[in-house]
Amino acid sequence: MLLFLACTGPVDDTAPRFVDWSTTRPPLVAEAQGKTWKRGLIHSHSPLSHDACDGDGLPDGQVNEACLADLRAALCDLSMDFIYLTDHPSNAADQDYETTKLLREGDEDLGIATRLACGTTLMPGYEDDLMPVGMESKMADRETYGNDDADAIEQMKAAGGIVLSAHTEGRDIDQLRERMANGMAGFEIFNLHAMFDPNIREEDLGLDRLSWMEEMDIFTAGDATPDLYFLVVHQEQPPSLEAFDTLWLDFDVVGTGGTDAHQNVLNLEMADGERVDSYRRMMSWFSNWLLTDGDTPAHFDDALAAGRNAVVFEVLGTPDTLDVSIEGDTLNVHCPSLTATSPWDGEAPEITVDIFKDGTPWQTGCGAHEVGGAGVYRVAYTITPHHLAGFVPAEFIRPYPWIYMPPVRAR
């Protein structure tokens, strides 16, 4: 990582303090380019997945309503505008389409989706070798869910799915290239499961298998804010970002962040009385922001398919808005500040930016940059969270990825 130019100005000691740490999040209010940012999740599992809810998502063949209630409450507590569910077809493919919508009393039936009373739009989807999201019907051939060839991708698209791929860190780039050529829309540039799984850490990310567990003790013992234990593993996933940058040279690739929540890892209470891997806790760490013209399933699908998706690690604070655009020969990069609803107990954070051209470090800093000709420009924000100093020990006040913006292409 390069040394970047700071986006923030001098610290204003007279500025009002922001809110204390909270387990809830207010609705997102952010606009750019005449559109509105919507917050949500892409890649998460309901009780319809065989391994969700401590492996008991369908007791006696019926949905685990208590676990589903946890999922629904988490979406509302965190003011999620949407969730693209990605259930494993080993169970979910055997359910009828109406069941996969998880419609319950008090919800609004949108036909191809469910809207909760709190406003979250829940859309069915699947995760197998491919991850079609926003499905509008079941596929006739159950075996298609486990395939990744051109025919499978076409069938998924015909059923309304936007075809993605999860766990990019374990994929061969030639396989990803072939999938993109066959009509896949994109893949994950960050996956939460990968940061904790010992085998993935070692084999795919080149990290120590279990080193993070030593730091974890600080959070389980109640010496730091439990939700911030994500910081013990939070860092970039280079294989996924390298694949993203490389394939953008030939395709417009949708890049997503996968929460991959199942509420099935460790049913152990932390100091706040909530289980380590609760839906709410895991879903609070980061989200996908879609730049949309509205809030219907079609609006979400259009924004996702067009690649208007940013990955935002909101556990580090919510940005006021996001905006990167090209106008003529100028790349305009907005410099975000924290909203007044972000946790704050310390000094101002240091927010920095690096800009990649065709996958190579190109410029640093916010503002206007003259583009160097045709190419793909990707902006990534990093934050050193001095504002969280009152919630964690000093060793966790270090640079972290904060925002991955969708690339823009100069012709």
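Just above sits the structure.
This one's a predicted model, so the numbers in the text were calculated from it and none came from an experiment.

Draft legend 1. Quick look at a negative patch on the surface. A surface patch of like charges, here negative, comprises Asp-141, Glu-143, Asp-149, Asp-151, Asp-172, Asp-174 and Glu-178. Assessed through its relative accessible area of 45%, Asp-172 is described here as partly exposed.

Draft legend 2. Representation of the sheet that holds strand S18 (residues 367–370) within the structure. Spatially, the three strands line up as an open sheet ordered S14-S15-S18, and their pairing is antiparallel. Looking at strand neighbours, the two that pair on one side only are strand S14 (324–327) and S18, the edges of this open sheet. Ignoring strand direction, the axes of neighbouring strands in this sheet form an average angle of 25 degrees. Two strands pair when backbone bridges link them, and strand S15 (residues 330–333) and S18 are joined in this way by four bridges, in the antiparallel orientation. By the bridge assignment, Leu-331 is partnered in S18 with His-369.

Draft legend 3. Quick peek at the pattern of salt bridges. For the structure on display, the rule yields 22 salt bridges. For the salt bridge of Arg-72 with Asp-107, the shortest nitrogen-to-oxygen distance reads 2.8 Å. One end of the pair, Arg-72, is in helix H1 (residues 65–77); the other, Asp-107, is in the loop between helix H3 (97–100) and strand S5 (108–109), with 35 residues separating them in the sequence. The burial state of Arg-72 is the same as that of Asp-107; both residues are buried. In this structure, the salt-bridge partner of Asp-227 is Arg-281, at a minimum N-O distance of 2.8 Å. Of the two residues, Asp-227 sits in the loop between helix H8 (212–220) and helix H9 (238–247) while Arg-281 sits in helix H10 (residues 279–284), which places them 54 residues apart along the sequence. On the accessibility criterion, Asp-227 (3% relative accessible area) is buried. Arg-281 sits in the buried class, given a relative accessible area of 0%.

Draft legend 4. Quick peek at the packing of helix H5 (residues 173–181) against H9. Contact geometry of H5 with H9 gives a least axis separation of 11 Å together with a crossing angle of 45 degrees. Between H5 and H9, the angle is such that the two are oblique. Handedness of the H5/H9 crossing: right-handed. Together, Ile-173, Leu-176, Arg-177 and Met-180 of H5 and Ala-243, Thr-246 and Leu-247 of H9 make up the contact between the two elements.

Draft legend 5. Region of interest: a nonpolar patch on the surface. Together, Val-265, Leu-266 and Leu-268 give the surface a local cluster of nonpolar side chains, amounting to about 290 Å² of exposed area. With respect to the secondary-structure elements, Leu-266 resides in the loop between strand S11 (254–258) and H10.

Draft legend 6. Representation of the nonpolar core. Counting residues in each nonpolar core, the largest one holds 107 residues, and the members touching the most others are Trp-37 and Tyr-381. Per element, the largest residue contribution to this core is six residues, and it comes from strand S19 (residues 375–384). Those residues in contact with Trp-37 that lie beyond four places of it in its chain are Leu-28, Ala-30, Glu-31, Ala-32, Trp-289, Leu-290, Leu-291, Arg-308, Ala-310, Thr-321, Leu-322 and Met-405. Counting residues in hydrophobic clusters, the runner-up holds 16 residues, among them Val-133, Ala-185, Val-254 and Ala-303.

Reading guide: rules and limits
Residues numbered from 1 in each chain as written. Predicted model: local features only at pLDDT ≥ 70, side-chain atom pairs only at ≥ 80, totals over all residues. Heavy atoms only, no water. Patch = residues over 30% accessible without salt bridge, like charges linked within 9 Å, V, L, I, M, F, W, Y side chains within 5 Å. Areas by Shrake-Rupley, 256 points an atom, 1.4 Å probe, with all protein chains shown as cover. Salt bridge = Lys/Arg side-chain N within 4 Å of Asp/Glu carboxyl O. Lys, Arg positive; Asp, Glu negative; His and termini not counted. Charge placed at Lys NZ, Arg CZ, Asp CG, Glu CD. Buried < 20%, exposed > 50% of the residue type's maximum accessible area, 1.4 Å probe, protein only. Pairing = 2+ DSSP bridges. Helix = DSSP H or I, 4+ residues; strand = E, 2+ residues; numbered from the N terminus. Axes fitted to C-alpha atoms, helices over the stretch in contact; angles between N-to-C directions. Parallel < 35°, antiparallel > 145°, perpendicular 65-115°, else oblique. Left-handed = near helix turned anticlockwise from the far one by under 90°. Contact = heavy atoms within 4.5 Å. Core = buried A, V, L, I, M, F, W, Y, C linked by side-chain atoms within 4.5 Å.

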